[in-house]
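Residue-level structure breakdown
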Amino acid sequence: MTADIAVFGLSLLPGIAWLFFYLQEDCHPEPKWLLFLVFCGGIVSALIAYTAQDTLGPWLASQSIQFTSFTSLTIFAATEEFAKFFLVWLIIHKNREFDEPIDAMIYMVVAALGFATLENLGAIMQKDGSGFVELNAAVETTSLRMVGATLLHTLTSGLVGYYWAKAIREFNTNRYLFLGVGLATVLHACFNYLIITYGELSYALLFILVVGFFILSDFEKLREKTV
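Keep in mind it's a predicted model, so treat the numbers as computed, not measured.

**As for the overall build of the chain**
Scanning the chain from terminus to terminus reveals eight helices and zero strands. Along the chain, helices (α) and strands (β) appear in the sequence α-α-α-α-α-α-α-α when read from the amino end. Relative to all contacts within the chain whose residues are 6 or more apart in sequence, the contacts with residues 24 or more apart total 78%.

**Overview of helix α2 (residues 32-62)**
With 31 residues, α2 extends 45 Å from end C-alpha to end C-alpha; this agrees with the ideal 45 Å at 1.5 Å per step. Along its length, α2 reaches its greatest deviation from straightness, about 25°, at Leu 56, and the proline Pro 58 lies no more than four positions downstream. By the burial criterion, the buried members of α2 are Leu 34, Leu 35, Val 38, Phe 39, Gly 41, Gly 42, Ser 45, Ala 46, Ala 49, Gln 53 and Leu 60. Phi turns positive, to about 60°, at Ser 64, one or two residues after α2.

**Remarks on the packing of aromatic side chains**
Across all of its chains, the model carries seven aromatic pairs by this definition. Taken together, a centroid distance of 5.8 Å and an interplanar angle of 85° make the contact between Phe 70 and Tyr 193 edge-to-face. Of the two residues, Phe 70 sits in helix α3 (residues 70-92) while Tyr 193 sits in helix α7 (residues 174-198), which places them 123 residues apart along the sequence. A relative accessible area of 36% means that Tyr 193 is categorised as partly exposed.

Criteria and cut-off values
Residues numbered from 1 in each chain as written. Predicted model: local features only at pLDDT ≥ 70, side-chain atom pairs only at ≥ 80, totals over all residues. Heavy atoms only, no water. Helix = DSSP H or I, 4+ residues; strand = E, 2+ residues; numbered from the N terminus. Contact = heavy atoms within 4.5 Å. Expected span 1.5 Å × (residues − 1). Bend = angle between axes of the 7 residues up to and from the residue. Buried < 20%, exposed > 50% of the residue type's maximum accessible area, 1.4 Å probe, protein only. Phe/Tyr/Trp six-rings, centres within 6.5 Å; stacked < 30°, edge-to-face > 60°.

Given below as structure tokens:
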């Protein structure tokens, strides 16, 4: 039981660590209850995305589209990026706390961490669903996901948040939203393709580090601006 609790805590660690990092970028901290609600929305968005993927999987197979192909990876990435954005939009788009451009990025990142936390939990479960993997395997998996998939989700969602903020500042020009979700989808698919093609994290990690540099610069551009 103690080991299971430790493993469960490890599944939460990457999300909490990145959450702490990103929240430092907000000069005007958001209400904790709203952040928690958006985090939970991210978990719900993961369930929605996985349900959609379970439906799309057999259809892609019937079209002779391999799961590992870039087309398939792009479609699956699109379901995840859209699900994250849609849940955040439902929760905050009319909330009075949503009052500065950087909020769009902050809330999208928080939702991404909720999404990734559910993924991390699934990654450390036994394949037969009977429980968690052993502690040493969980530590290895969690460490890799912290600098891999969890970081990826925060960056792609942060990108969507940046273009959402631009859409608001340009009087709800929806083309920015489409551009943001589209770019996030392509980046997400490229990361997964690098992992599958080369079978290791190094190339994918280099890719997201470069992307991360630009996303963090976007945070700085929005930091002092108001909606």
